[in-house]
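Read off the chains here:
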Amino acid sequence: MAVVDPLIELRGVNKHYGALHVLQDVDLTVGRGEVVVVIGPSGSGKSTLCRAMNRLERVESGEIVVDGQPLPDEGKALARLRAEVGMVFQSFNLFAHKTVLANVSLAQIKVRKRKKEEADRRSRELLDRVGLAAHAEKYPAQLSGGQQQRVAIARALAMDPKALLFDEPTSALDPEMINEVLEVMRQLAREGMTMVVVTHEMGFARSAANRVVFMADGRIVEDRTPEEFFTSPRSERAKDFLSKIL
Ligand code: ADP
Ligand code: MG
């Protein structure tokens, strides 16, 4: 779909794992302030696509451009890029032996070179924003899964990212905790954060996405508004997928 102000652009991106062609000529543009929800069957390449966007995976061909800059290969430029395109994983990845506050402050100090006091102040603001101000001194194991995922979101926000990638952020959560995480994500969307969200939460896709990208077998098969996608999917693959999950 046509995008007015591109922030993330992938053009002709290809990647294999051995004989498996996991990203096949992928073209995708994510506009500034847009929420793009990526859906598709397991193994279709959604995680690989996300990981390629902040260079956790190398691609073999094609271009990936973030805010006008080609994705750097390594070094400081790559660290900066990773800070600008934050990622939230299914598995939270918090440091178990550090407090919630320290988890949110760590990369601010190491990557953003903030002083501890400044980082902690920012961390407390963000913990407040995700509803966890009272839990700053606790350790991850003392929190529920939903709370831990909100800490991971605060940690990603602490880098002042230009965009956030979410790879199935609620898939590891008990059902009653899914909404508290989606609500934080909806709030970010309303505030204009650029977001790419891989999820099976179709309610979120319908209500929060500007566009739905449907992937199958390493290809982007559909890229449309949620309204169009959910009411009249064009491809057999999407029809089949939707008939199984809706
Ligand atoms: P999705 O997130 O849509 O489930 P993935 O991007 O994780 O899909 O994986 C796409 C395909 O690539 C799958 O068949 C998966 O088994 C394979 N794959 C993913 N990561 C690796 C890897 N590191 N090495 C080999 N194959 C992989
Ligand atoms: Mg995945």
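Above this text you will find the structure in question.
Below, the structure is looked at part by part. Counting restarts for each chain: residues are numbered from 1 in the order of the written sequence. Labels follow written order: the first chain is A, the first ligand is 1, and so on. This being a predicted model, a pLDDT of at least 70 is required before a residue's local features are given, and a value of 80 or more before pairs of side-chain atoms are given or counted; all residues contribute to the totals for chains, interfaces and linings. Where side-chain values are given, they derive from all heavy atoms of the structure, hydrogens and water being excluded.

A few points about the site of ligand 1
Thought 1: In this text, near means that some heavy atom of the residue lies within 4 Å of the molecule or strand in question. Close contacts around ligand 1 come from Tyr 17, Leu 20, Val 22, Pro 41, Ser 42, Gly 43, Ser 44, Gly 45, Lys 46, Ser 47 and Thr 48, and that covers them all.
Thought 2: Each polar contact in these results corresponds to two N or O atoms within 3.5 Å; when the atoms are within protein, one needs to be able to donate a hydrogen and the other to accept it, and residues that are neighboring in sequence are counted only if both atoms are side-chain atoms. Here an oxygen atom of ligand 1 sits 3.2 Å away from a polar atom, N or O, in the main chain of Ser 44.
Thought 3: Measuring from an oxygen atom of ligand 1, one finds a side-chain N or O atom of Thr 48 at 2.5 Å.
Thought 4: Note on areas: Shrake-Rupley, 1.4 Å probe, and residue coverage restricted to the protein chains presented here. About the coverage of ligand 1: the protein hides 58% of its 560 Å² of free accessible area.
Thought 5: Of all elements in the fold, only strand S2 (20–31) and helix H1 (46–53) reach the threshold of two or more residues within the shell around ligand 1.
Thought 6: Here the shell around ligand 1 takes 3 residues from H1, the largest share from any one element.
Thought 7: Any residue outside Ala, Val, Leu, Ile, Met, Phe, Trp, Tyr, Cys, Pro, Asp, Glu, Lys and Arg is labelled polar, Gly included; the first ten of those are nonpolar and the last four are charged. In terms of residue class, the shell around ligand 1 is made up of 4 nonpolar, 6 polar and 1 charged. Where helices and strands are cited, they refer to DSSP runs of H or I of at least four residues and of E of at least two residues respectively, numbered from the N terminus.

So, the nonpolar core
One recurring pattern in soluble globular proteins: nonpolar side chains tend to sit buried together.
Thought 1: Within this scheme, the nonpolar core is defined by two criteria: the residues are buried Ala, Val, Leu, Ile, Met, Phe, Trp, Tyr or Cys, and they are joined through side-chain atoms within 4.5 Å. Three exposure classes are used, based on accessible area relative to the maximum for each residue type with a 1.4 Å probe and protein chains only: buried under 20%, partly exposed in between, and exposed over 50%. Counting residues in each nonpolar core, the largest one holds 49 residues, and the members touching the most others are Leu 127, Ile 153, Phe 166, Met 185 and Met 195.
Thought 2: Here this core gets 8 residues from one element, more than from any other, and that element is helix H6 (residues 175–190).
Thought 3: Leu 23, Val 30, Leu 71 and Leu 81 belong to the second largest nonpolar core, which has 27 residues in total.

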